[in-house]
Amino acid sequence: MADTILRKLIVEICNARNLMPKDGQGTASAYAIVDFDGQRRRTKTKFRDLNPQWDEKLEFFVHDAATMAEEILEINLCNDKKTGKRSTFLGKVKIAGSAFAMAGSETLVYYPLEKRSVFSQIKGEIGLKAYYVDENPPAVTTEVKKPEAEVQAAPVTTEEKPKTEEVKKETEEVKTEEKKEAKPEDKPKEETKPETTNVKPPVTVATPPPTVTALPQKTEPVKHKELGIKPENVNRQDLIGTDLELPSLTRDQNRGGGYDLVDRMPFLYIRVAKAKNVGSNPVYAKLVIGTNSVKTRSQTGKDWDQVFAFEKESLNSTSLELSVWSEEKVENEDKTTTMKESCLGTVSFDLQEVPKRVPPDSPLAPQWYTLESEKSPGNDVMLAVWLGTQADEAFQEAWQSDSGGLIPETRSKVYLSPKLWYLRLTVIQTQDLQLGSGGSGSESKSKIPTTELYVKAQLGPQVFKTARTSIGPSASSSGSGNPTWNEDLVFVASEPFEPFLIVSVEDLTNGQSIGQTKIHMGSVERRNDDRTEPKSRWFNLAGDEKKPYSGRIHVKVCLEGGYHVLDEAAHVTSDVRPSAKQLAKPPIGLLEVGVRGATNLLPVKTRDGTRGTTDAYVVAKYGPKWVRTRTILDRFNPRWNEQYTWDVYDPCTVLTIGVFDNGRYKKDESGKQGRDVRVGKIRVRLSTLDMNRVYLNSYTLTVILPSGTKKMGEIEIAVRFSCPSWLSIIQAYVTPMLPRMHYVRPLGPAQQDILRHTAMRIVTARLARSEPPLGQEVVQYMLDTDNHVWSMRRSKANWFRVITFLSRAATIARWIHGIRTWVHTPTTVLVHLLLVAIVLCPHLVLPTIFMYAFLILALRFRYRGGVKVNSIDPRHSCVDSVTPDELDEEFDGFPATRPPEVVRIRYDRLRALSGRAQTLLGDVAAQGERIEALFNWRDPRATCIFVVFCLFASFLFYIVPFKVFVLGFGFYYIRHPRFRDDMPSVPVNFFRRLPSMSDQIL
């Protein structure tokens, strides 16, 4: 018998991404069922993971290789019923047999999950490899001759026997799920083929199937075309060997910057150290990998010591070629010099044999390699080549292929906000002020007017003034005055401090300065609480050159370390620690954020004037620490996969994450840098997160533009809030949120708002002076510096928030009205019984209320929000109901820059809204004035009636027990409608007739 070839189909289930939560708790426990040619295999269950990673290989026997192209490979994803109420369908994928590749040319492909019926709720994709292997069958012994049908069926039966019961159960679950999903209201059932249609009887043909030879170079494009997969969506990791197998990180490694919240991104690292025997001319090294090419710097010292990191997925070749070039200046006949380059040799590497390195392994030692060259042999270059990830120590300082190389504006950086203090200056008084030359006689005294003085203090760009004080003619004529203020001026000071605080006394009458003094900031004392008062000091005031002494001023100045300087809005603050280190408390937890990537970003600018592009990066702020990811150039689906950590000192704080388009790494024709464009922003409140739980979600990026709201794409973020002690969390919830000084010596709302915006400007200016700078527009967008500006959209949003809150009270009022009107008779009867129980057993009222609250909240725990973290809600922000004119008004500066006609229309609209608010305020004030009028005898008859009522009521309540009164009033209030009049009650009529102050207003 001629030799036959047996064919096996290998299906490698790698992973799935962004699955639909199905277990009722915001997650899914997925497993895959794979069917091919009457055979079924099942993967393991990955519990509570919306992005499961299997990496399992399933083998199938191909009965007829000639008809393999007509077979269908079907993969069904299901949720394990052990973790939920039932086994839930997560999606399916069908792949034609003609798309299978030969072993060695397989590729990881991500297929979008399909619905089984129109009622299915499916999303996500699954990544797998499908390829076949041809093997020579073992020699067949002829000692015992069996029927051919039995011989062919034996391997299938043996393979399927251990899983018979499991397959039956899974088939029943899939069928049951199919029936539930196909339940229509009025629609016909969708015809579905039973799973047994793909099951074929064992092949009994005696002759072996003919061998089919496949060409992987030709079948690869066909597979992309038939399955609708774009070539760029196919990972090219097979060009350089298998994926990296990285060990899982422990908690201690995570605290040191582990990468367990993001995906490992494989990079090819090349460290070019130096060269020898290359002469005295400047030399440089050139690296070429397919279409990727980069050069080192050209220098004479021959020591480059540069690292290059190429993203593995972007490489299109399996060989690396490194060449060393020499530069030599050549003088031409016309006395001009040109640079002549000559190749000193090349060395090549096969990237499939490159070693892998995973931290904390030691760095790979560079080695000497001989350059191959016919012209100048004997040259050597020292380098090291390895495969690593973004967790490699060399990644931060390496030339990165996905961020444009060594451009400073595209690198990932960590910024720190300056340490801020409140500087309190207390102006007490002045003495011996030289206001002017005194006159003689009563006539000159009468001509000298009253002098108005004030004190002005300046710290850097901040200027504050005291109130005005007047000095009479007698003090002015005598040439001296001792005015007193006793007023506090508060500044925001940032470390390192400004050198001097300048204090001057100004004469408002003639607009001149009487004198000034400089207080050195190094001599200013610091205090942490209000128990100690700063010492008062006298400073001489110096005038111009003709008047070196013009008086002295008495002040107290100190740096307040007991306050926290707010540099962001109070409702989204991320730090509440005081300025003084002595008052700082230890952290209670750790916040870890993994910036994974973004999808479907819209183009923000044009490149080459023809196509749109986006150069996106992410900025995250929590506390004084700002982080900025690297900029991924020219991609609408960038993958950063960077992880950062923050210490958490208070759980009721907010993390802010913003996405921007980088416009600063390129300069225009005039050499000016562009501006970064906002793409979107999200916020995550830490108090809404469960401890020690990973939240992996995609958030919609919405930005408000003058033309309207625009969805710019989605960002994928992983967040984990870790806390080792429950006791520290409970203690944080029962302590004041702000430091003690905010309560014992509070700042006024207007003063605090001014200081907050001053702190914002200081932080913006300081971060703009970093290298590379964090743009002013970026910092202002992250800190919400414009949230105090009038906006019709924000006013609507706040109004709807108030209405939503009041609707709860309206619901209770409607429920009580339904009881009064006997809408549901059994409920009203039960309320009667409840009223009797309350009157007879009043000591059980509070225990019953708190027990009901406990039971209701405990039951609601099951139905709380899923894993999705609360972020910015466009619906609550009223971005869909805003008009273009209202958006234009929101983006208008202060003062307004629009034409007078537009400003007049907006002013009239604001007047109409204010008129309604004015009427509402008047109605509220009238109710309180009616109560006051009842006690002030404004209406003598009404007050007299009330006095008589109070007298009779006192005797009545003395005789009648209070329980009887409560019971009688309750029964009277919820009496049957047939015993009730439709007109208002007597107390309501009496109250509405009382007078108010509305008739005395003009």
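Quick notes on the rules
- Residues numbered from 1 in each chain as written.
- Predicted model: local features only at pLDDT ≥ 70, side-chain atom pairs only at ≥ 80, totals over all residues.
- Heavy atoms only, no water.
- UniProt positions renumbered as here; feature names shortened; annotations may be inferred.
- Helix = DSSP H or I, 4+ residues; strand = E, 2+ residues; numbered from the N terminus.
- Buried < 20%, exposed > 50% of the residue type's maximum accessible area, 1.4 Å probe, protein only.
- Contact = heavy atoms within 4.5 Å.
- Areas by Shrake-Rupley, 256 points an atom, 1.4 Å probe, with all protein chains shown as cover.
- pLDDT = per-residue confidence, 0-100.
- Pairing = 2+ DSSP bridges.
- Axes fitted to C-alpha atoms, helices over the stretch in contact; angles between N-to-C directions.
- Salt bridge = Lys/Arg side-chain N within 4 Å of Asp/Glu carboxyl O.
- Phe/Tyr/Trp six-rings, centres within 6.5 Å; stacked < 30°, edge-to-face > 60°.
- Core = buried A, V, L, I, M, F, W, Y, C linked by side-chain atoms within 4.5 Å.
- Patch = residues over 30% accessible without salt bridge, like charges linked within 9 Å, V, L, I, M, F, W, Y side chains within 5 Å.
- Parallel < 35°, antiparallel > 145°, perpendicular 65-115°, else oblique.
- Nonpolar A, V, L, I, M, F, W, Y, C, P; charged D, E, K, R; others polar.
- Left-handed = near helix turned anticlockwise from the far one by under 90°.

The name an unreviewed UniProt entry gives the protein chain is C2 domain-containing protein, with Arabis alpina as the organism. The Sequence similarities (unreviewed entry) field of the UniProt record for the protein chain holds the comment "Belongs to the MCTP family." Recorded in UniProt under Subcellular location (unreviewed entry), the annotation for the protein chain is "Golgi apparatus membrane".

Student: Help me understand the overall build of the protein chain, please; the structure alone is not making it clear to me.
Tutor: Looking only at helices and strands, the protein chain has 18 helices and 39 strands in total. By residue count, 41% of the 1002 residues in the protein chain fall in the buried class. Long-range pairs, those at least 24 residues apart, make up 70% of the contacts in the protein chain between residues at least 6 apart in sequence. Counting every atom, the protein chain has about 56,800 Å² of accessible surface; 56% of that belongs to carbon and sulfur.

Student: How should I be thinking about the confidence of the model for the protein chain in this particular structure?
Tutor: Should the pLDDT be low somewhere, the predicted coordinates at that spot are not to be read in detail. Confidence in the prediction of the protein chain, expressed as mean pLDDT, is 80, and 83% of residues score 70 or more. The low-confidence segment residues 139-257, where pLDDT is below 50, has 158 contacts with residues more than four positions distant or belonging to other chains. Between residues 437-446, whose pLDDT stays under 50, and residues either more than four places distant or in other chains, the model counts five contacts.

Student: Help me out: how do you make sense of helix α10 (residues 776-783) in this one?
Tutor: The periodicity of an α-helix, 3.6 residues per turn, causes residues three or four positions apart to be oriented the same way. α10 sits mainly inside the fold: six of its eight residues count as buried. Taken together, the buried positions of α10 are occupied by E777, V778, V779, Y781, M782 and L783. For α10, the secondary structure elements touched by its buried residues are β33 (616-622), β34 (625-628), β36 (654-661), β37 (677-685) and α9 (749-768). Positive phi shows up at D784, right after α10, with a value of about 55°.

Student: Can you walk me through the UniProt feature "transmembrane region" (unreviewed entry) in the protein chain in this structure?
Tutor: On the UniProt side, "transmembrane region" (unreviewed entry) is annotated at positions that read residues 829-859 and 944-974 here. Here residues 829-859 runs as 87% helix and 0% strand, with 26 Å between its end C-alpha atoms.

Student: Got a minute to help me understand the sheet that holds strand β14 (residues 319-331) in this structure?
Tutor: Through backbone hydrogen bonds, the strands of a sheet pair up, either in parallel or in antiparallel fashion. In spatial order, the strands read β12-β11-β14-β15; together these four strands make up an open sheet with antiparallel pairing. A strand with exactly one partner marks an edge of an open sheet, and here the two such strands are β12 (292-295) and β15 (337-350). Neighbour-to-neighbour, the strand axes of the sheet open up by a mean angle of 20°, direction not taken into account. Bridge count for strand β11 (residues 283-289) against β14 is six bridges, and the pairing is antiparallel. Residue pairing in the sheet places Y284 in a bridge with W325 of β14.

Student: Whenever I open this one, the sheet that holds β36 confuses me. Can you help?
Tutor: Here five strands make up an open sheet; going across it, the order is β19-β34-β33-β36-β37 and the pairing antiparallel. Only two strands of the sheet have a single partner each, and these edge strands are β19 (413-416) and β37. With strand direction ignored, the average angle separating the axes of adjacent strands in the sheet is 20°. One ladder, built from four bridges, connects β19 with β34; its direction is antiparallel.

Student: Explain the pattern of salt bridges here, please?
Tutor: Between side chains of opposite charge, pairing is possible as soon as their charged atoms come close. The tally for this structure, following the rule as stated, stands at 41 salt bridges. In this structure, K605 engages D615 in a salt bridge whose closest nitrogen and oxygen atoms are separated by 3.0 Å. With K605 in strand β31 (residues 605-607) and D615 in the loop between β32 (611-613) and β33, this pair connects stretches of sequence that are 10 residues apart. Under the relative-accessibility criterion, D615 is labelled buried at 0%. The shortest N-O distance in the salt bridge between D690 and R693 comes to 2.9 Å. On the accessibility criterion, D690 (22% relative accessible area) is partly exposed. Residue R693 is classed as partly exposed on the basis of its relative accessible area of 25%.

Student: It is not clear to me how unusual backbone geometry should be interpreted in this structure. Could you clarify?
Tutor: With the exception of glycine, most residues fall at negative phi, and the peptide bonds are largely trans. Cis geometry is adopted by the peptide bond preceding P496, which originates at E495 and carries an omega value of -10°. You can see P496 is positioned in the loop between β24 (484-494) and β25 (500-507). For the bond running from E771 to P772, omega is -5°, close enough to zero to count as cis. Turning to its location among the elements, P772 is positioned in the loop between α9 and α10. Unusually for a residue other than glycine, D634 sits at a positive phi of about 55°. For D634, the location among the structural elements is in the loop between β34 and β35 (639-648). A relative accessible area of 26% means that D634 is categorised as partly exposed.

Student: How should I be thinking about the packing of aromatic side chains in this particular structure?
Tutor: One pair of aromatic rings is described through two measures. These are the centre distance and the angle between the planes. Considering all chains together, one arrives at 17 aromatic pairs under this definition. Judged by centre distance (5.9 Å) and plane angle (65°), the rings of F36 and F100 are edge-to-face. Of the two residues, F36 sits in strand β2 (residues 30-36) while F100 sits in the loop between β6 (88-96) and β7 (101-102), which places them 64 residues apart along the sequence. With respect to class, F36 is no different from F100; both count as buried.

Student: Is there a simple way to explain the pairing of strand β3 (residues 39-42) in this structure?
Tutor: Each regular strand shows side chains that alternate between the opposite faces of the sheet. Judged from the four bridges that link them, β2 and β3 form a sheet pairing that is antiparallel. Bridge assignment links F36 to a residue of β3, and that residue is Q39. Between β2 and β3, which pair antiparallel one after the other, the connecting turn spans two residues, and D37 there sits at a positive phi close to 55°.

Student: Help me out: how do you make sense of the nonpolar core in this one?
Tutor: A general tendency of soluble globular proteins is for nonpolar side chains to be buried together. Residues L591, I657, I715 and I717 are the most contacted members of the largest nonpolar core, which totals 36 residues. Secondary-structure elements contributing two or more residues to this core are β30 (589-599), β33, β35, β36, β37, β38 (694-705), β39 (708-722) and α7 (726-734). The biggest single contributor to this core is β39, with five residues. Sequence-distant contacts of I715, defined by excluding residues within four places in its chain, comprise G597, A598, V618, I657, V659, I682, N697, S698, Y699 and L701. By size, the runner-up hydrophobic cluster in this structure holds 33 residues, among which are V11, M68, Y111 and Y132.

Student: What's the story with the pairing of strand β20 (residues 420-431) in this structure? I'm lost.
Tutor: In terms of residue burial, β20 counts as a mostly covered element, since 12 of its 12 residues are buried. Bridge count between β20 and β24: nine bridges; the pairing is antiparallel. Paired with W421 across the two strands is A493, which belongs to β24. By the bridge criterion, nine bridges tie β20 to strand β29 (residues 552-560) in an arrangement that is antiparallel. Of the residues in β29, the one forming a bridge with L423 is L559.

Student: Is there a simple way to think about a nonpolar patch on the surface in this case?
Tutor: On the surface, a cluster of nonpolar side chains totalling about 830 Å² of accessible area is made up of I812, W815, I816, F957, F962, F965, F969 and Y973. Among the secondary structure elements, those contributing two or more residues to the nonpolar patch are α11 (792-820) and α17 (962-973). Ranked by the residues each element gives to the nonpolar patch, the list is headed by α17, at four residues. With respect to the element layout, F957 can be found in helix α16 (residues 940-959). The exposure class assigned to F957 is partly exposed, which follows from its relative accessible area of 38%.

Student: Explain the packing of helix α15 (residues 900-935) against α16 here, please?
Tutor: Describing two packed helices takes the angle between their axes plus the distance from one axis to the other. Relative orientation of the contacting elements α15 and α16 amounts to 75°, with a least axis distance of 8 Å. On the basis of their axis angle, the class for α15 and α16 is roughly perpendicular. Along the contact surface, α15 presents A933, L934 and F935, while α16 presents A942, T943 and F946. Split by residue class, the contact of α15 with α16 holds five nonpolar, one polar and no charged.

Student: Looking at this structure, how should I read the packing of α9 against α10?
Tutor: Two elements in contact, α9 and α10, have axes whose closest approach is 9 Å; the angle formed by their N-to-C orientations is 145°. Here α9 and α10 pass one another in a crossing that is right-handed. Two secondary-structure elements touch here, α9 through M760, V763, T764 and L767 and α10 through Q776, V779, Q780 and L783. Here the residues of the contact of α9 with α10 sort into five nonpolar, three polar and no charged.

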